[in-house]
Amino acid sequence: PSVIEITLANRGSVPVDQVIVTDAVDSTLKIVASTPKAELSGTTLVWSIPRINAGETKSLSFQVAPLNAGASEIAVARASVTFSTAVQSEIKLAA
(Lines give C-alpha, C1' and ligand atoms only; values in the text may rest on other atoms or scores of the structure.)
Protein backbone atom coordinates (compact mmCIF):
# COMPACT_ATOMS: atom_id res chain seq x y z
CA PRO A 1 0.00 0.00 0.00
CA SER A 2 0.97 3.64 -0.55
CA VAL A 3 0.92 6.10 2.36
CA ILE A 4 -0.40 9.64 1.93
CA GLU A 5 0.38 12.18 4.65
CA ILE A 6 -1.38 15.45 5.38
CA THR A 7 0.18 18.01 7.72
CA LEU A 8 -1.88 20.84 9.19
CA ALA A 9 -0.02 23.75 10.74
CA ASN A 10 -1.70 26.66 12.49
CA ARG A 11 0.77 29.47 11.85
CA GLY A 12 -1.64 32.07 13.17
CA SER A 13 -1.78 33.66 16.61
CA VAL A 14 -5.18 32.28 17.65
CA PRO A 15 -6.55 28.73 17.82
CA VAL A 16 -8.79 27.37 15.08
CA ASP A 17 -11.81 25.28 16.01
CA GLN A 18 -14.06 22.76 14.31
CA VAL A 19 -11.41 21.76 11.79
CA ILE A 20 -12.79 19.40 9.15
CA VAL A 21 -10.37 17.75 6.72
CA THR A 22 -11.71 15.79 3.77
CA ASP A 23 -9.77 13.85 1.16
CA ALA A 24 -11.53 12.34 -1.84
CA VAL A 25 -9.65 9.21 -2.85
CA ASP A 26 -9.59 8.11 -6.48
CA SER A 27 -12.26 5.45 -7.13
CA THR A 28 -9.63 3.03 -8.51
CA LEU A 29 -8.06 2.78 -5.04
CA LYS A 30 -9.25 1.17 -1.83
CA ILE A 31 -8.59 2.76 1.54
CA VAL A 32 -6.64 0.36 3.74
CA ALA A 33 -6.20 2.40 6.95
CA SER A 34 -6.13 5.94 8.34
CA THR A 35 -4.38 7.55 11.31
CA PRO A 36 -6.02 8.92 13.31
CA LYS A 37 -9.06 6.94 12.25
CA ALA A 38 -11.18 8.91 9.79
CA GLU A 39 -14.85 8.51 9.00
CA LEU A 40 -15.45 7.13 5.54
CA SER A 41 -18.14 8.57 3.28
CA GLY A 42 -18.00 6.62 0.02
CA THR A 43 -14.42 7.17 -1.15
CA THR A 44 -13.95 10.32 0.93
CA LEU A 45 -12.09 10.33 4.24
CA VAL A 46 -13.33 12.84 6.84
CA TRP A 47 -11.37 13.85 9.94
CA SER A 48 -12.91 16.10 12.62
CA ILE A 49 -10.41 17.93 14.81
CA PRO A 50 -11.94 19.97 17.65
CA ARG A 51 -9.09 22.49 17.90
CA ILE A 52 -5.62 23.30 16.60
CA ASN A 53 -3.87 25.79 18.84
CA ALA A 54 -1.69 28.61 17.55
CA GLY A 55 1.70 27.22 16.56
CA GLU A 56 0.47 23.62 16.71
CA THR A 57 0.87 21.01 13.97
CA LYS A 58 -1.35 17.96 13.38
CA SER A 59 -0.51 15.03 11.13
CA LEU A 60 -2.99 12.79 9.34
CA SER A 61 -2.22 9.85 7.10
CA PHE A 62 -3.92 7.09 5.18
CA GLN A 63 -2.96 4.03 3.16
CA VAL A 64 -4.38 3.11 -0.22
CA ALA A 65 -3.99 0.13 -2.52
CA PRO A 66 -5.24 -0.53 -6.05
CA LEU A 67 -8.65 -2.18 -6.30
CA ASN A 68 -7.46 -4.43 -9.11
CA ALA A 69 -4.36 -6.61 -8.90
CA GLY A 70 -1.59 -5.28 -11.12
CA ALA A 71 -3.14 -1.81 -11.33
CA SER A 72 -1.12 1.31 -10.67
CA GLU A 73 -1.05 2.87 -7.18
CA ILE A 74 -1.04 6.43 -8.51
CA ALA A 75 -2.96 8.32 -5.85
CA VAL A 76 -4.94 11.42 -6.66
CA ALA A 77 -5.36 13.43 -3.48
CA ARG A 78 -7.97 16.16 -3.30
CA ALA A 79 -7.84 17.34 0.29
CA SER A 80 -9.74 20.32 1.65
CA VAL A 81 -9.84 21.95 5.08
CA THR A 82 -12.52 24.07 6.75
CA PHE A 83 -12.41 25.65 10.20
CA SER A 84 -13.75 28.45 12.35
CA THR A 85 -11.91 30.91 14.54
CA ALA A 86 -12.89 33.60 17.00
CA VAL A 87 -11.66 37.06 16.15
CA GLN A 88 -11.59 39.66 18.85
CA SER A 89 -12.90 43.00 17.69
CA GLU A 90 -13.94 46.27 19.20
CA ILE A 91 -16.69 48.48 17.87
CA LYS A 92 -16.91 52.15 18.87
CA LEU A 93 -20.15 54.00 18.30
CA ALA A 94 -20.15 57.77 18.12
CA ALA A 95 -23.20 59.59 19.45
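Refer to the structure above for everything that follows.
Residues numbered from 1 in each chain as written. Predicted model: local features only at pLDDT ≥ 70, side-chain atom pairs only at ≥ 80, totals over all residues. Heavy atoms only, no water.

**Thoughts on the side chain of Asp26**
Within the secondary structure layout, Asp26 lies in the loop between strand 2 (16-25) and strand 3 (29-35). One polar contact links Asp26 to Thr28, side chain to side chain, over a distance of 2.6 Å. (Helix = DSSP H or I, 4+ residues; strand = E, 2+ residues; numbered from the N terminus. Polar contact = N/O pair within 3.5 Å; in protein donor to acceptor, adjacent residues only side chain to side chain.)

**With respect to the pattern of salt bridges**
Scanning all chains against the criterion turns up 2 salt bridges. Of the charged contacts in the structure, one is a salt bridge between Arg51 and Asp17, with a shortest N-O distance of 2.6 Å. One end of the pair, Arg51, is in strand 5 (residues 44-52); the other, Asp17, is in strand 2, with 34 residues separating them in the sequence. Ionic pairing is found between Lys58 and Glu56, a salt bridge with its closest N-O pair at 3.5 Å. (Salt bridge = Lys/Arg side-chain N within 4 Å of Asp/Glu carboxyl O.)

**So, the pairing of strand 5**
Bridge count for strand 2 against strand 5 is 8 bridges, and the pairing is antiparallel. Directly across from Ile20, in strand 5, lies its bridge partner Ser48. As judged from the 3 bridges shared by strand 4 (residues 39-41) and strand 5, these two strands associate in the antiparallel manner. Across the sheet, Ser41 pairs through a bridge with Thr44, a residue of strand 5. Turn length for the strand 4-strand 5 hairpin, with the two strands adjacent in sequence and antiparallel, is 2 residues, and the turn residue Gly42 shows positive phi of about 70°. (Pairing = 2+ DSSP bridges.)

**Side note on the sheet that holds strand 1 (residues 2-9)**
The sheet built from 3 strands is open, its strands ordered 1-6-3 with antiparallel pairing. Because the sheet does not close on itself, it has two edges, and the strands there are strand 1 and strand 3. Across this sheet, the average inter-strand angle for adjacent strands is 25°, counted without regard to direction. Of the pairings in the sheet, the one linking strand 3 to strand 6 (residues 57-66) comprises 6 bridges and is antiparallel in character. Note on strand 6: the bridge partner recorded for Thr35 is Ser61. (Axes fitted to C-alpha atoms, helices over the stretch in contact; angles between N-to-C directions.)

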